[in-house]
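Tertiary structure, described
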Amino acid sequence: MTKRKIIYKSCSVNSSIHHAAQALKAGGTVVFPTETVYGLGALALAPEAVARIFEIKRRPRFNPLIVHLPAREWLEQVAQGIPAQAYSLAERFWPGPLTLVLPKKKNISGIVTGGLETVAVRMPAHPLAQELLREVGEPIAAPSANRFTRISPTAVEHARAQLGSEVDVYLDGGPCRLGIESTIVGWVNGKACLLRRGALAVEDIEAITGTLLEAPQSARPLAPGGLPRHYAPQTPLIFSSEPVDFESNRRVALLTFSPEEKEEGGYAEHRYLSKTGDMRQAAAALFATLQELEAQDFDLIVARPLPAHGLGLAINDRLRRAGHTETDLALPV
């Protein structure tokens, strides 16, 4: 077996990006940083390379990927029938943590879109991601760089611990600034629709689109991150505002928004996402904190909801999915 190349930030950035770009052009895979989480990328216009993403992640084929664009001009090369609101959102929020779901063009393979006739696209804001896209010169398909349903990585070490030598190149860009995935918006019958809460506040989007519709019911995910179980540690997690009973000999960790939310109940450890009750700080710390708790071999993690507004809604969405006990894989792959 060919030894995989792993590149850390101790190498020069330009050299690292060059090697990563060459690996992608050769049909390989690269883990790279974005402002939200680390992504596992392959050339979006190369179906066989994209297939490696699903193999490495153990991800079902019906689950669509996000296509990361080198520039706004690429939007019309991968999508068609683009609503005027989509152009306005791209102008306002790209590069940044907003993904748009639009009718795809024929050059985008069904393996990228999970068999759907729509494609999810965004422009990442992380400078290393932008430089990699410019060096490659074409779109990169990239979901989060983790095993299917597991915790999303916000540091290169998290991705490497899950994916190991199956990836050709790792680009280290330090901790992700935002820490949760992009917000996803699509259009149903001409109306803007919220398909996933994320790092961009819904209120900011609605200043352009008006009130977003709720995601329509569907037997298959219409956008990445749409399955009931996702973002989950291997340690069982209960997401609830209610008291949780557990035996005294079990090691249970409590996860809350801030240190002010103290509880009795024999918890072995109390972890919080922000010292000061700052929602941005909480979002950035979410997945790293779950990684740390998972590594400490607790029997259970009890997570309390955050205030239900702004980023708190997106964080609660991640915790709710992390605590979901079933994964629906009954769809065609």
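Remember, predicted model here, so these are calculated numbers, not experimental data.

1. Describing the overall build of the chain
- Secondary structure summary: the chain contains 10 helices and 14 strands in total.
- At 19 Å, the chain has a C-alpha radius of gyration in line with the 20 Å of a compact globule built from 333 residues.
- For the chain, the C-alpha atoms occupy an extent of roughly 55 × 50 × 40 Å along the three principal directions.
- A sequence separation of at least 24 residues applies to 68% of the contacts in the chain between residues at least 6 apart.
- For the chain, the separation between the mean place of its 36 positive charges and that of its 35 negative charges on side chains is 5 Å.

2. Some details on the packing of aromatic side chains
- Considering all chains together, one arrives at 2 aromatic pairs under this definition.
- Seen from their ring centres, Tyr231 and Phe287 are 5.8 Å apart, and the 25° between their planes marks the pair as stacked. Placement of the pair is Tyr231 in the loop between strand S10 (213–214) and strand S11 (237–239) and Phe287 in helix H9 (residues 279–295), with a sequence separation of 56 residues.
- By relative accessible area, Tyr231 is classed as buried at 2%.
- Plain terms: the ring middles of Phe246 and Tyr267 are 5.3 Å apart, the flat faces sit at 55° to each other, and that makes the pair tilted. With Phe246 in the loop between S11 and strand S12 (252–256) and Tyr267 in the loop between S12 and strand S13 (269–272), the pair connects residues that are 21 residues apart, well separated along the chain.
- Taking relative accessible area as the criterion, Phe246 reaches 18% and is therefore assigned buried.

3. Structural notes on the sheet that holds strand S14 (residues 300–303)
- Taken together, the 4 strands give an open sheet; going across it, the order is S11-S14-S12-S13, and neighbouring strands pair in parallel fashion. What marks the edges here is a single partner per strand, and that holds for S11 and S13. When strand polarity is set aside, the average angle formed by the axes of neighbouring strands in this sheet is 20°.
- The sheet contact formed by S12 and S14 spans 4 bridges and is parallel. Each residue of the ladder has a partner; that of Leu254, found in S14, is Val302.
- The sheet contacts of helix H10 (residues 311–322) involve S11, S12 and S14, and relative to S11 the element is tilted by about 135°.

4. Looking at the pairing of S12
- Burial runs high along S12: 5 of the 5 residues are buried.
- Neither face of S12 is exposed, since Val252, Leu254 and Thr256 on one face and Ala253 and Leu255 on the opposite face are all buried.
- Here S12 runs beside S13; their pairing, made up of 4 bridges, is parallel. When the bridges of S13 are listed, Ala253 appears paired with Glu269.

5. Quick notes on the confidence of the model for the chain
- On average, residues of the chain carry a pLDDT of 91, and 93% of them reach 70 or more.
- A low-confidence stretch, residues 327–333 stays under pLDDT 50, and its non-local contacts, those more than four residues away or across chains, total 17 contacts.

6. A look at the sheet that holds strand S6 (residues 140–141)
- The strand order S7-S1-S2-S6-S3-S5-S4-S8-S9-S10 describes an open sheet built from 10 strands, whose pairing is mixed. Both outer strands of the open sheet, strand S7 (169–170) and S10, are each paired with one neighbouring strand and no more.

7. Quick word on the pairing of strand S9 (residues 191–196)
- Summarising burial for S9: 5 of the 6 residues are buried, a large majority.
- The hairpin formed by strand S8 (residues 183–188) and S9 contains 2 residues between the paired strands, and Asn189 there has a positive phi angle of roughly 55°.
- Relative to S10, S9 is paired through 2 bridges, and the arrangement is parallel. Across the sheet, Leu194 pairs through a bridge with Glu214, a residue of S10.

8. Digging into the nonpolar core
- Of all hydrophobic cores here, the largest spans 49 residues; its most connected members are Leu100 and Val121.
- Of all the elements, helix H2 (residues 47–57) adds the most residues to this core, at 6 residues.
- Those residues in contact with Val121 that sit more than four places away from it in its chain are Val67, Leu69, Leu75, Val78, Trp94, Leu98, Thr99, Leu100 and Leu102.
- In terms of nonpolar packing, the next biggest core, distinct from the first, is built from 29 residues, Ala199, Leu237, Ala303 and Ala322 among them.

9. Description of helix H4 (residues 84–93)
- For H4, the set of buried residues is Ala86, Leu89, Ala90 and Phe93. Along the axis of H4, the buried positions cluster into a sector of 100°, meaning they face one direction only. Opposite the packed face of H4, turned more than 90 degrees from it, sit the exposed residues Ala84, Glu91 and Arg92.

10. Notes on the environment of Pro143
- Residue placement: Pro143 occurs in the loop between S6 and helix H7 (156–163).
- The spacing of Pro143 and Gly225 is 82 residues in sequence and 9.2 Å in space, taken between C-alpha atoms.
- Residues in contact with Pro143, not counting those within four places in the same chain, are Tyr38, Gly39, Leu40, Ile53, Lys57, Arg59 and Leu65.

The rules behind each value
Residues numbered from 1 in each chain as written. Predicted model: local features only at pLDDT ≥ 70, side-chain atom pairs only at ≥ 80, totals over all residues. Heavy atoms only, no water. Helix = DSSP H or I, 4+ residues; strand = E, 2+ residues; numbered from the N terminus. Rg over C-alpha atoms; globule rule 2.2 N^0.38 Å. Contact = heavy atoms within 4.5 Å. Lys, Arg positive; Asp, Glu negative; His and termini not counted. Charge placed at Lys NZ, Arg CZ, Asp CG, Glu CD. Phe/Tyr/Trp six-rings, centres within 6.5 Å; stacked < 30°, edge-to-face > 60°. Buried < 20%, exposed > 50% of the residue type's maximum accessible area, 1.4 Å probe, protein only. Pairing = 2+ DSSP bridges. Axes fitted to C-alpha atoms, helices over the stretch in contact; angles between N-to-C directions. pLDDT = per-residue confidence, 0-100. Core = buried A, V, L, I, M, F, W, Y, C linked by side-chain atoms within 4.5 Å. Arc of directions from axis to C-beta.

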